[in-house]
Amino acid sequence: IGMRDLTDSASTRTAAKRAGVDAGSIDVAELYAPFSHQEIVLRRELGLADSVPVNLSGGALAGNTMMAAGLDRIGYVAAQIMDGKADRGVAHATSGPCLQQNLVAVLEA
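Residue positions within a chain follow its written sequence, with the count starting from 1. Predicted model: local features are reported for residues with pLDDT of at least 70 only, side-chain atom pairs are reported and counted for 80 or more only, and whole-chain, interface and lining totals are derived from all residues. No hydrogens and no water enter the side-chain calculation; it runs on all heavy atoms of the structure.

**Points about the pattern of salt bridges**
Two side chains with opposite charge may pair up if their charged atoms get near one another. We apply this condition: The term salt bridge refers to a pairing of a side-chain nitrogen on Lys or Arg with a carboxyl oxygen on Asp or Glu at a separation within 4 Å. For every residue, the accessible area (1.4 Å probe, protein chains only) is compared with the maximum for its type, and the residue is labelled buried under 20%, exposed over 50%, or partly exposed between those bounds.
In the structure shown here, the tally under the stated rule is six salt bridges. Across the pair Asp-8 and Arg-13 runs a salt bridge whose closest N-O atoms are separated by 2.6 Å. Look at Asp-8 and you get partly exposed, because its relative accessible area is 28%. Connected through shared salt-bridge partners, Asp-8, Arg-13, Arg-44 and Glu-45 make up one network.

**Brief notes about the environment of Thr-12**
To keep it simple, the criterion reads: Helix and strand definitions here come from DSSP, where helices need a minimum of 4 consecutive H or I residues and strands a minimum of 2 consecutive E residues; each element is numbered from the N-terminal end. Polar contacts, as counted here, are pairs of nitrogen or oxygen atoms within 3.5 Å of one another; within protein the pair requires one atom able to donate a hydrogen and one able to accept it, and residues that are adjacent in sequence qualify only if both atoms are side-chain atoms.
Here Thr-12 lies in helix α1 (residues 10-19). Sequence-wise, Thr-12 and Val-41 are 29 residues apart; in three dimensions their C-alpha atoms are separated by 9.2 Å. At 3.0 Å, the side chain of Thr-12 and the side chain of Asn-102 are in polar contact.

**Looking at the pairing of strand β3 (residues 101-108)**
We count it as follows: Strand pairing follows a simple DSSP-based rule, namely that at least 2 bridges must link the two strands.
Where strand β2 (residues 88-95) lies against β3, eight bridges are found, and the strand directions are antiparallel. Bridge pairing in β3 places His-92 opposite Val-104. Counting the residues that bridge the hairpin from β2 to β3 gives five residues, and of these Gly-96 lies at a positive phi of roughly 100 degrees.

**Here we look at the side chain of Arg-43**
For clarity, the cut-off: We call two residues contacting when some pair of their heavy atoms lies within 4.5 Å.
Locating Arg-43 in the fold gives a position in helix α2 (residues 36-46). In this structure Arg-43 comes out as buried when scored by relative accessible area, which is 18%. Engagement of the side chain of Arg-43 in a polar contact is seen with the backbone oxygen of Val-52, the distance being 2.8 Å. Dropping the residues within four chain positions of it, Arg-43 is found in contact with Leu-31, Leu-48, Ala-49, Asp-50, Val-52 and Val-54.

**Regarding the sheet that holds β2**
Definition in use: Every axis corresponds to a line fitted to the C-alpha atoms, with the helix fit spanning only the stretch in contact, and the corresponding angles, defined between N-to-C directions, vary from 0 to 180 degrees.
Across the sheet, three strands lie side by side as β1-β2-β3; this open sheet has mixed pairing. Each end of this open sheet is capped by a strand with a single partner; those strands are β1 (28-30) and β3. Neighbouring strand axes in the sheet, compared pairwise and without regard to direction, differ in orientation by 15 degrees on average. The pairing of β1 with β2 spans three bridges and is classified as parallel. Across the sheet, residue Ala-29 finds its bridge partner in β2, namely Val-90. The strands touched by α1 within the sheet are β2 and β3, with β3 carrying the most contacts at an inclination of about 25 degrees. In the packing of helix α4 (residues 69-82) onto the sheet, contacts are made with β1, β2 and β3, and the angle to β2 comes to roughly 175 degrees.

**As for the side chain of Gln-38**
By the secondary structure assignment, Gln-38 is in helix α2. Aside from chain neighbours lying at most four places away, what touches Gln-38 is Tyr-32, Ala-33, Thr-94, Gly-96, Pro-97, Cys-98 and Leu-99.

**Digging into the environment of Ala-62**
Here Ala-62 is to be found in helix α3 (residues 59-62). When the C-alpha atoms of Ala-62 and Ser-36 are compared, they prove to be 11 Å apart, with 26 residues separating the residues in sequence.

Next comes the structure, spelled out in structure tokens:
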């Protein structure tokens, strides 16, 4: 902390690019943001429009079960797609309060 800009997450940008987030429109997103400021950073780094619903499940702030809340994000996006509420979504998981490690998964119907 103090060695880098905490309003930026290069690893999230890299993970999003490699996952193909920008290859089509996103209908829904579940972000693992156990700290409230992280959702703001993640929305920007993932390129999510303000109109994209984020954390309809309540997100990790509603219940951050150690090591499982990130996996839950994938399950919630998958459920939205299987229920026909979305065609394409992005799920995110992270480790560390400064968004040091990031997993980004794009799911499609």
